[in-house]
There are 2 protein chains.
Amino acid sequence: MAEVIIRGGTIVTMDPQWSLETGDVACRDGELVQVGGRYVPQEHEYEILDAEGCAVIPGLVQSHVHMCQTLARGRADDLELLPWLRDLVWPYEASLEAVDMAASVRLACAELLLGGTTAVLDMGTVRHTGEIFAAAQGAGLRATSGKVMMDEATPDIPIPLREDTRASLDESHQLRKEWHERAAGRLRYAYAPRFALSCTRDLLEETAQSARAAGVRIHTHASENQSEIAEVERRTGLSNIAYLNEVGLTGGDVCLAHCVWVTEAEREILRETGTHVSHCPSSNLKLGSGIAEVPELMEAGVPLSLGADGAPCNNNLDAFVEMRLAALLHKPRRGPASMRAPLVLRMATQGGARALGLGDQIGSLEPGKRGDVAVVDLSTEHAIPASNPYSALVYAARASDVRHTVVDGEVVVRDRHLLTLDQAEVVSEARARAREVFTRVGRTA
Amino acid sequence: MAEVIIRGGTIVTMDPQWSLETGDVACRDGELVQVGGRYVPQEHEYEILDAEGCAVIPGLVQSHVHMCQTLARGRADDLELLPWLRDLVWPYEASLEAVDMAASVRLACAELLLGGTTAVLDMGTVRHTGEIFAAAQGAGLRATSGKVMMDEATPDIPIPLREDTRASLDESHQLRKEWHERAAGRLRYAYAPRFALSCTRDLLEETAQSARAAGVRIHTHASENQSEIAEVERRTGLSNIAYLNEVGLTGGDVCLAHCVWVTEAEREILRETGTHVSHCPSSNLKLGSGIAEVPELMEAGVPLSLGADGAPCNNNLDAFVEMRLAALLHKPRRGPASMRAPLVLRMATQGGARALGLGDQIGSLEPGKRGDVAVVDLSTEHAIPASNPYSALVYAARASDVRHTVVDGEVVVRDRHLLTLDQAEVVSEARARAREVFTRVGRTA
């Protein structure tokens, strides 16, 4: 494999010493071999990416997205979580065919990679999980994904999404065997029970056991909305996170999206078990869910990361938007010095890497780690003359400032153009498939 | 003057009927002559701007910015309002020379115009107000600005910013005569007492009288922060807005920035007097000020608009960022159906136009109005396949999606390039001047 040399930027390493370097970042065979200083190519073939005026940062990591939902962008505004699921998102997911799923995931990958996100923890829907992996592989994204599991018989759930407990588990195991650690490790499987309300206790318990036996991650939603929490408590007699803890769905291998409403006792469970929390500020605002107490979770030592959630509840898949919001949103309550820019950038890099179980491989720019890098232009009219790169990255830069994106040493975006997919085709295909899907949704609604 | 024809987009007119049109938007001699349908050029010379895949919208209006502060972007993070003013913004403003002011305003204009903002209500600093107008005129921005007034002897205020009451008023009158309605009406003067705490009662009262006699606007800050409000109450025995009302600083010709903390009685004063409120959500979050009760103000019928405030407290001057935040921020408290996208776009167009006293001239695309237009690409990977243009504009689009910007019938941005200023020069000059200014700030601090 050719070498890739990123030249001339300010290197924001996000290593444990918060080192800032200048000079080159070099990848060989997908691995970072030098960070800072002048790199002398070792191979015959090499590629130089210009980073003049840019920050060179670890590829951004989002620990909660739904790439399968991208075709529903702009179709589900102004709804709360439970009606949003029942009236729009579930009928949409139930109407997806394999070809729609592929178009949805390709559109998501295009937006993610163009915006400097190199790795995601993704949740699929009940069907077509293989299409998610295949599309992510084609786009070059580092994706941990899994089939959604929802075996609780609820009248709200459309028939194509209703699952038998055994079948849901068996299909998940099968998909895990098929996709985990494929594409030279860029693809990984994570078990994905949707949330406590959509799953039986049996399913949750066996999921926890199976995931642990196989050494893969578990990804679910928790405590996003007060109606959801009240319903879990009514059914189980426990608070949501206490219930998840009882069935085995807490721990350093679990990532819980949202955690907007968490009691002090639940925060203590998260801390004790080292459970990862994915903060999704745009989504939590848009669905009217609330504002998670992230500074408190951070002070307690709960591992935190960021996610855009899905396009219908955001409506972007943009790590810069989520960083800026995570930095701003908590200041009125906790003071303007809370959630400083470096800490937020750490959530979006190291925090995400750890949530994916990849803290030793990605999330910082250090020799020996994988070559996941984003190069962000900080010499624009909207970011200069900020002299502090953390401030410029978190408060002023935009996804469209990403000049180059590298995943596992492969250049996937160069000079703001996606190299792995045909952008015009992604856009026209997504539009065509969205029209088809919503025609079907209309017929069954 | 040549004609400008914007061809092929979806026209989001923001007229009173919320009309959506397709076809052409045509300007002749700076005036909109046709909105929708096919326009046949009447002049020999005409220019066609391609709007395929775009929304054609009224130029965005920001009713509270400080273009003089742009060089301080990224220099004042993590501070509350009063220390932010005392420790950073005032020393910065006191250190500005004329050449720095020109660089700061040119940088602001570049960001604003590239991001589709065509008109602003701006607040200057004590000195160099002429440089603001001259730079805005050169850039082609529609700018209502004014010299800041601060004649209250406070030990915190640096000596170069301290003013004598008479001198402050006389200089304001002189600037008004010099600049109001210059540049074919694109430039207008507004009296700008900084805020209640920095001004004597005499100054506020004479300002109100003079502005009214001259028929120009008044622009000030109010009720941004609880310490500010407590101090006003201590000094005057009145709540902030009641005090402003008593000295004449309420009414349909007044725009108050922020109004984060407003009592029910004060809301009633705002409603009764038709005082305009400029909501600045990023700034209010970043300084930890709070979240204004905008849905309540809207329901009460208080005229609302949006502003980015200044670069050191945002850190952008981006109407799209403020729209998205205004739409999202109030949903947790007021429900996901509050602050729907069309209402927020109206704040950023009609609302801003009215705050500037230009509701009959800009803020919607209707024949007879001035040709202030932004063309926003909605066919990007991060905005498709949303079928509702309001949703796409408010929740998904970014400032960098602005393809063309037209002010008063003059094309100032074409294909994402600024035509009125040399972008590279604006950037290098801003960097150089910021270094100089902060070297001076460092010497006096």
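Just so it is clear, the model here is predicted, and its values are computed rather than measured.

### Some thoughts on the interface of chain A and chain B
Piece 1. Each side of the interface is counted separately: chain A has 56 residues, and chain B has 55 residues.
Piece 2. Summing the contributions of chain A and of chain B, the shared interface buries around 4500 Å²; its carbon and sulfur component is 58%.
Piece 3. Where chain A packs against chain B, one counts six salt bridges.
Piece 4. Across the pair Asp-318 of chain B and Arg-398 of chain A runs a salt bridge, and its minimum N-O distance is 3.5 Å.
Piece 5. Linking chain A with chain B are 21 residue pairs in polar contact (both at pLDDT 80 or more), by the criterion used here.
Piece 6. Elements with a contribution of two residues or more to the side of chain A that touches chain B: helix H2 (98-114), helix H9 (281-286), helix H11 (319-329), helix H12 (331-334), helix H14 (389-396) and helix H15 (423-444) of chain A.
Piece 7. In terms of residue count, the dominant contributor to the side of chain A that touches chain B is H11 of chain A (six residues).
Piece 8. Split into classes, the residues belonging to the side of chain A that touches chain B amount to 26 nonpolar, 15 polar and 15 charged.

### As for the layout of surface pockets
Piece 1. Of the pockets and cavities examined, the largest pocket occupies roughly 1000 Å³.
Piece 2. Elements with a contribution of two residues or more to the lining of the largest pocket: H2 and H15 of chain A together with helix H2 (98-114) of chain B.
Piece 3. A per-element tally of the lining of the largest pocket places H15 of chain A first, with five residues.
Piece 4. By residue class, the composition of the lining of the largest pocket is 10 nonpolar, 15 polar and 14 charged.
Piece 5. What the second largest pocket holds in volume is close to 460 Å³.
Piece 6. Elements supplying a minimum of two residues to the lining of the second largest pocket: helix H6 (226-236) and H12 of chain A together with helix H12 (331-334) of chain B.
Piece 7. No other element matches the three residues that H12 of chain B contributes to the lining of the second largest pocket.

### Structural notes on the domain arrangement of chain A
Residue and element names in this part refer to chain A.
Piece 1. Split by domain assignment, chain A resolves into domain 1 (3-58 + 363-414) and domain 2 (60-355).
Piece 2. At the junction of the two partners, domain 1 supplies 29 residues and domain 2 supplies 28 residues.
Piece 3. Contact between domain 1 and domain 2 buries roughly 2300 Å² in total, counting both sides, with carbon and sulfur atoms accounting for 66%.
Piece 4. For the domain 1 face of the interface with domain 2, the top three residues by lost area are Trp-18, Val-394 and Tyr-395, together amounting to 27%.
Piece 5. Taken together, the connections running from domain 1 to domain 2 amount to four salt bridges.
Piece 6. Two residues, Asp-372 and Arg-142, come together in a salt bridge whose shortest N-O distance is 2.7 Å.

### Notes on the pattern of salt bridges
All names here are of chain A.
Piece 1. Evaluation of the coordinates by the stated rule reveals 75 salt bridges over all chains.
Piece 2. Among the salt bridges present, the one from Glu-231 reaches Arg-234, with a minimum N-O distance of 2.8 Å. In this pair, Glu-231 and Arg-234 both sit in helix H6, three residues apart, roughly one turn of the helix.
Piece 3. In this structure, the salt-bridge partner of Asp-377 is Arg-403, at a minimum N-O distance of 3.5 Å. Pair noted here: Asp-377 is in strand S15 (residues 373-377) and Arg-403 is in strand S16 (residues 402-407), with a separation of 26 residues, a long-range link. There is no split in this pair, since Asp-377 and Arg-403 are both buried.
Piece 4. The network of salt bridges with common partners includes Arg-142, Arg-186, Arg-370, Asp-372, Asp-408 and Glu-410.

### Focus on the packing of aromatic side chains
Residues and elements named next belong to chain A.
Piece 1. Per the counting criterion, the structure on display carries 10 aromatic pairs over all chains.
Piece 2. Measuring from ring centre to ring centre gives 6.0 Å for Trp-18 and Tyr-390, while their planes differ by 80°; the resulting arrangement is edge-to-face. Here Tyr-390 lies in helix H14 and Trp-18 lies in the loop between strand S1 (3-12) and strand S2 (20-28), a separation of 372 residues in the sequence.
Piece 3. On the accessibility criterion, Tyr-390 (8% relative accessible area) is buried.

### Comments concerning empty space enclosed by the protein
Piece 1. Summed over the entire model, instances satisfying the criterion amount to four cavities of 30 Å³ or more.
Piece 2. Looking at the largest cavity, its volume works out to about 290 Å³.
Piece 3. Lining the largest cavity are 20 residues, and of these Asp-318, Val-321 and Arg-324 of chain A together with Val-321 and Arg-324 of chain B sit closest to its centre.
Piece 4. Of all the secondary structure elements, the ones that give two or more residues to the lining of the largest cavity are H11 of chain A together with helix H11 (319-329) of chain B.

### Some words on the relation of the copies chain A and chain B
Note that the two copies of the chain are related through a rotation about an axis and a translation along the same axis.
Piece 1. The transform that puts chain A on chain B rotates by 180° and translates by 0.0 Å along the axis, for an RMSD of 0.0 Å. Read as a symmetry element, the transformation amounts to a two-fold axis. Relative to the rotation axis, the C-alpha of Ser-400 of chain A is the closest in chain A, positioned 3.5 Å from it.

Definitions and limits used
- In this numbering scheme, every chain counts its residues from 1 along its sequence in written order.
- Going through the entries in the order they are written, you letter the chains from A and number the ligands from 1.
- Residues qualify for local features only when their pLDDT is at least 70, as the model is predicted, and side-chain atom pairs are given and counted only at 80 or more; totals for whole chains, interfaces and linings, by contrast, use all residues.
- Side-chain numbers come from the whole structure's heavy atoms, not from hydrogens or water.
- Between two residues, a contact is recorded if the distance between any of their heavy atoms is within 4.5 Å.
- In this description, buried area is defined as the sum, over both parts, of the accessible area (probe of 1.4 Å) that is lost when the two are combined.
- By definition, a salt bridge exists where a carboxyl oxygen of Asp or Glu is found within 4 Å of a side-chain nitrogen of Lys or Arg.
- N or O atoms closer than or at 3.5 Å make up a polar contact, with two conditions inside protein: a donor-capable atom paired with an acceptor-capable one, and, for residues adjacent in sequence, both atoms drawn from side chains.
- We count a stretch as a helix when DSSP gives it H or I for four or more residues in a row; a strand needs E for two or more, and each element gets its number in order from the N terminus.
- Here the nonpolar group is Ala, Val, Leu, Ile, Met, Phe, Trp, Tyr, Cys and Pro; Asp, Glu, Lys and Arg are the charged ones; every other residue, Gly included, is treated as polar.
- The way it works is a 1 Å grid over only the protein atoms, where trapped points that fit a 1.4 Å probe form a cavity and open points with protein on both sides within 12 Å along at least five of seven lines form a pocket, and then any residue with an atom within 4 Å of a point lines it.
- Grid points are joined across faces, edges and corners, and a volume is the space filled by probe spheres set on the points.
- Domain delimitation in this document rests on an assignment produced automatically or drawn from a domain database.
- The classification of residues rests on relative accessible area computed with a 1.4 Å probe and restricted to protein chains. Under 20% of the type maximum is buried, over 50% is exposed, and intermediate values are partly exposed.
- Only the six-membered ring of Trp is used, alongside the rings of Phe and Tyr, when aromatic pairs are assigned; centres must lie within 6.5 Å, and planes under 30 degrees apart are stacked while those over 60 apart are edge-to-face, with the rest tilted.
- Copies overlap after least-squares fitting; the atoms used are the C-alpha atoms of residues with pLDDT of at least 70 in both.

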